[in-house]
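Understanding the architecture of this molecule
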Amino acid sequence: MSTITTTRPTGAAELPLEELRPLLRGEVITPGDATYDQARAVYNAMIDRRPAVIVACRDAADVRASVQFAVRHGIEIAVRGGGHNAGGLGVWDGALVVDLSQMRSVSVDPAAGTVRVDGGCVWSDVDHATVAFGMATPTGFLASTGVGGLALGGGIGYLSRRYGLTVDNLVSADVVLADGSFVTASADRHADLFWALRGGGGNFGVVTSFTFRCHPIGEGGTIIGGPVLYDIADTAEVMRWYRELLPSLPEELSGWIALLTIPPAPPFPEELWGRKACGIVWCYTGPHDRADEVLAPVREFGSPLVVGLAPMPFTALQSAFDALYPAGLQWYWRADFFNDITDGAIEVHERFGAQLPTGHSTMHMYPIDGAASRVDEDATAFAYRDGGWAGVIVGVDPDPANAEAISTWTKEYWNALHPHSAGGAYVNFLMDDEGQDRVRTAYRGNYDRLARVKAAYDPGNVFHINQNIAPA
Ligand SMILES: Cc1cc2nc3c(=O)[nH]c(=O)nc-3n(C[C@H](O)[C@H](O)[C@H](O)COP(=O)(O)OP(=O)(O)OC[C@H]3O[C@@H](n4cnc5c(N)ncnc54)[C@H](O)[C@@H]3O)c2cc1C
């Protein structure tokens, strides 16, 4: 998050917007406009920020004009992709928001096995386009999350065990830099910038377009997956079994573990609605004639309340949780990486899982093993390659009156669990108020190199409304 503030006036009324408007195809939205409140709202309703101006960019030219205008007039810049960030870093009080959410075109090259994605896409845009060709690039576990923030921070999802993180599949990125210039970064062009973009977040510029490598998944894009849920009282037994089982499974099968409340909606049986549970959401992307054999240990274990494993298009699993978590809920996050799920950690999970404060509140552990852990720690900016998990505790509820309760539960749970962690957290799970040490720890030994690349590409720290890396 920023520690730098502009000394210039930043009210929209004082900005010469007549200079900017003729350069744009997109709309300029300021306080008082009918669409202002909608344009400043982000996924987490706990965030209530009032930018000076929002530029709904249509193309890279709009992005360049907006960045140059903001720099010329000394106004802070926030960049909004999907607007999903925990701390709401896509919008900022008094800033000019470079809003990419209208830039959502996707183009698949099936022969090359790549997909080119505009900087404002959400993952459902990408999955829709690629799964039609029986392939996908590694994304997250929700379809409504933005490509921009997720891809620049790392990208952990169902395909990470088999094909690596999202950043491990980035082929190139088109970037508007702090001086308004436009470059393409790849392994052989601006290689330092390309290294930094793969985990370093929005620190280096505005990415107007990404090209990702895709991989065949399932059979014609149909995978076998879904949740298997156990009673919350079985948490310790399930976690001990899962931590031993996962490393032994083929990489075509991945599963993330959660503590949750069973949602009061179909397809869950009505008698289970509202019951607390420990669950694993599985995704098998290999050949279907091997599915029974690969999934046998999952089907044979314990006494599940729900076994929701079924063939489905990958897009269906990707979007399975979107309706449960629509935009506009209150969210409070705390996170860490974990090398192991220790017995001590399991005791903490049992205690706080039994006290989930609201129906939406939850704890997730996402594996970063297999292909994701075979990448060297310094090969990309994303440094955590130990083969464990990214854990996240989220207090969530629709009612702002419960904001205090969900935040307190999250913080207390995190305080108890943190000593069992690897230290450091996934940058995309950090809130906006966690401080510079947490950012530094997230990047481990890669921080100093990131600071040097930052000094080369953004020496004035123009892009600082993010998990900020100060120029060396
Ligand atoms: C419900 C939920 C589920 C999630 N699940 C996962 C998951 O499964 N796996 C995972 O890895 N992460 C997950 N995340 C975390 C997610 O990666 C981050 O919230 C990420 O910041 C979202 O990106 P965004 O573009 O939507 O965010 P925004 O709020 O728009 O932006 C976040 C940050 O990225 C920068 N940014 C965004 N787009 C660009 C761009 N094109 N160029 C330059 N900078 C840009 C912004 O300036 C800001 O600093 C989840 C988040 C939520 C809320």
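Our subject is the structure listed above.
Below or above, wherever it landed, is the structure these notes cover. Computed from a prediction, not measured in an experiment: that's the story for all the values here.

1. Some points on empty space enclosed by the protein
- For the structure on display, the rule yields two cavities of 30 Å³ or more.
- Each pocket or cavity is described by its volume, and for the largest cavity that value is around 60 Å³.
- Lining of the largest cavity is provided by Gly153, Gly199, Phe337, Ala381, Phe382, Ala383, Tyr384, Ala425, Tyr426, Val427, Ala442 and Tyr443.
- Residue classes in the lining of the largest cavity are distributed as 10 nonpolar, two polar and no charged.
- Taken as a whole, the second largest cavity holds about 40 Å³ of empty space.
- Lining the second largest cavity we find Arg334, Ala335, Asp336, Phe338, His349, Met363, Met365, Gly391, Val392, Ile393, Trp414 and Leu417.
- Breaking the lining of the second largest cavity down by element, the ones donating at least two residues are β17 (330–338), β18 (362–367), β19 (389–397) and α12 (403–417).

2. A short note on the sheet that holds strand β8 (residues 170–176)
- Strands sit in the order β5-β6-β10-β8-β9 across an open sheet of five strands; the sheet is antiparallel. Each of the sheet's edge strands pairs with one partner strand only, and the pair in question is β5 (106–109) and β9 (182–186). Going across the sheet, the axis of each strand differs from the next one's by a mean of 15 degrees, ignoring polarity.
- Sitting on the sheet, helix α4 (residues 123–131) touches β5, β6 (114–118) and β10 (206–213), and the angle it makes with β5 is about 30 degrees.

3. Section: the site of the ligand
- Around the ligand, 34 residues are found, and the nearest of them are Val79, Gly81, Gly83, Phe141 and Tyr426.
- A distance of 3.3 Å is found between an oxygen atom of the ligand and a backbone nitrogen or oxygen belonging to Leu150.
- Contact between the ligand and Ile465: an oxygen atom at 3.4 Å from a main-chain N or O atom of the residue.
- Protein coverage of the free-state accessible area of the ligand, which is 940 Å², stands at 97%.
- When residues in the shell around the ligand are grouped by element, the largest group, four residues, is from helix α5 (residues 147–153).
- Taken together, the residues of the shell around the ligand sort by class into 16 nonpolar, 17 polar and one charged.

4. Looking at the sheet that holds strand β4 (residues 96–99)
- Spatially, β1-β2-β4-β3 is the arrangement adopted by the four strands of the open sheet, whose pairing is mixed. In the strand order of this sheet, the two ends are held by β1 (27–29) and β3 (77–80), each with one partner. Across this sheet, the average inter-strand angle for adjacent strands is 20 degrees, counted without regard to direction.
- Where β3 and β4 come together, four bridges link them in parallel fashion. Its bridge partner lying in β4, Arg80 is registered against Asp99.
- Strand contacts of helix α3 (residues 60–72): β2 (53–56), β3 and β4, with the helix running at about 165 degrees to β4, the strand carrying the most contacts.

5. A short note on the pairing of β18
- In terms of residue burial, β18 counts as a mostly covered element, since six of its six residues are buried.
- Residue alternation in β18 divides its side chains into two sets, Thr362, His364 and Tyr366 and Met363, Met365 and Pro367, and both sets are buried.
- Here strand β13 (residues 253–261) runs beside β18; their pairing, made up of three bridges, is antiparallel. Counted as the bridge partner of Leu259 is Met363 from β18.
- The sheet contact formed by β18 and β19 spans six bridges and is antiparallel. Note that in β19 the partner of Tyr366 across the bridge is Ala390.

Reading guide: rules and limits
Residues numbered from 1 in each chain as written. Predicted model: local features only at pLDDT ≥ 70, side-chain atom pairs only at ≥ 80, totals over all residues. Heavy atoms only, no water. 1 Å grid on protein atoms, 1.4 Å probe; cavity = no way out; pocket = protein on both sides within 12 Å on 5 of 7 lines; lining within 4 Å. Points joined across faces, edges and corners; volume = space filled by probe spheres on them. Nonpolar A, V, L, I, M, F, W, Y, C, P; charged D, E, K, R; others polar. Helix = DSSP H or I, 4+ residues; strand = E, 2+ residues; numbered from the N terminus. Pairing = 2+ DSSP bridges. Axes fitted to C-alpha atoms, helices over the stretch in contact; angles between N-to-C directions. Contact = heavy atoms within 4.5 Å. Near = heavy atom within 4 Å. Polar contact = N/O pair within 3.5 Å; in protein donor to acceptor, adjacent residues only side chain to side chain. Areas by Shrake-Rupley, 256 points an atom, 1.4 Å probe, with all protein chains shown as cover. Buried < 20%, exposed > 50% of the residue type's maximum accessible area, 1.4 Å probe, protein only.

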